[in-house]
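# Residue-level structure breakdown
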Amino acid sequence: MATCKILVADDNQQIRLLVSAALRSLGHEILQAVDGEKALEVAMAEHPDLVLLDVTMPKLDGFEVLRFLRKRPETAGVKVIMLTTAAQNTDLKHGADLGCDEYVTKPFDPRALREVVERTLAS
Ligand SMILES: [Mg+2]
């Protein structure tokens, strides 16, 4: 698969580093954001192919970011994978209603994460 641009948005630095390392090994270009506002800013400026969105982040949470992304024509078609610690049914339903493509529950296995990312990028 060609190199893709992937935005990793999570307020936890350790998670950002883990996700970035796991995906960089696939040859993708990785961008990072530390909160929801920054994630939107980077998404609008950089037009990533895929956004990995933490649900619980300062300023704007992952669901709010997802809602904005889907509303704007420039980012409406971007692939989105939600990162969550609690894969509660309400969260899953909420994310699906807002149009996320996939869900990954933390803690994740790097190999499983790579599989979900490649599948989502190919879909
Ligand atoms: Mg968080």
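The rules behind the values
Residues numbered from 1 in each chain as written. Predicted model: local features only at pLDDT ≥ 70, side-chain atom pairs only at ≥ 80, totals over all residues. pLDDT = per-residue confidence, 0-100. Helix = DSSP H or I, 4+ residues; strand = E, 2+ residues; numbered from the N terminus. Pairing = 2+ DSSP bridges. Axes fitted to C-alpha atoms, helices over the stretch in contact; angles between N-to-C directions. Contact = placed C-beta atoms within 7 Å. Core = buried A, V, L, I, M, F, W, Y, C linked by C-beta atoms within 7 Å. Buried ≥ 20, exposed ≤ 12 C-beta atoms within 10 Å, placed from the backbone.

## Quick word on the confidence of the model for the protein chain
In this model, the protein chain carries a mean pLDDT of 92, and residues with pLDDT of at least 70 account for 96%. The spread of mean pLDDT over the elements of the protein chain runs between helix α4 (residues 89-98), the lowest at 78, and strand β1 (residues 5-9), the highest at 98.

## Considering unusual backbone geometry
Only a minority of non-glycine residues have a phi that is not negative, and only a minority of peptide bonds are not trans. Pro-107 follows Lys-106 through a cis peptide bond whose omega is 0 degrees. Mapped onto the elements, Pro-107 comes out in the loop between β5 (102-105) and α5 (110-122). Not every positive phi belongs to a glycine, and His-47 is a case in point at roughly 45 degrees. With respect to the helices and strands, His-47 occurs in the loop between α2 (36-46) and β3 (50-54).

## What about the sheet that holds β5?
The strands making up a sheet associate through backbone hydrogen bonding, with each pair oriented either parallel or antiparallel. The parallel open sheet is built from five strands, whose spatial order is β2-β1-β3-β4-β5. Taken across any chain shown, the strands that pair with only one partner, and hence form the sheet edges, are β2 (29-33) and β5. Adjacent strand axes in the sheet meet at a mean angle of 20 degrees, parallel and antiparallel pairs treated alike. Note: strand β4 (residues 79-84) against β5, four bridges, orientation parallel. The residue of β5 that forms the bridge with Thr-84 is Thr-105. Sheet strands touched by helix α1 (residues 13-24): β1, β2 and β3. Its angle to β2, the strand with the most contacts, is close to 165 degrees. Against the sheet, α2 contacts β1, β2 and β3, and its axis sits at roughly 170 degrees relative to β1.

## Focus on the nonpolar core
Counting residues in each nonpolar core, the largest one holds 26 residues, and the members touching the most others are Ala-9, Ala-39, Val-51, Leu-52 and Leu-53. Broken down by secondary-structure element, the contributors of at least two residues to this core are β1, α1, α2, β3, α3 (62-71) and β4. Every residue in contact with Leu-53, bar those within four places of it in the chain, is listed here: Ala-9, Ala-39, Gly-62, Val-65, Leu-66, Val-80, Met-82 and Leu-83.

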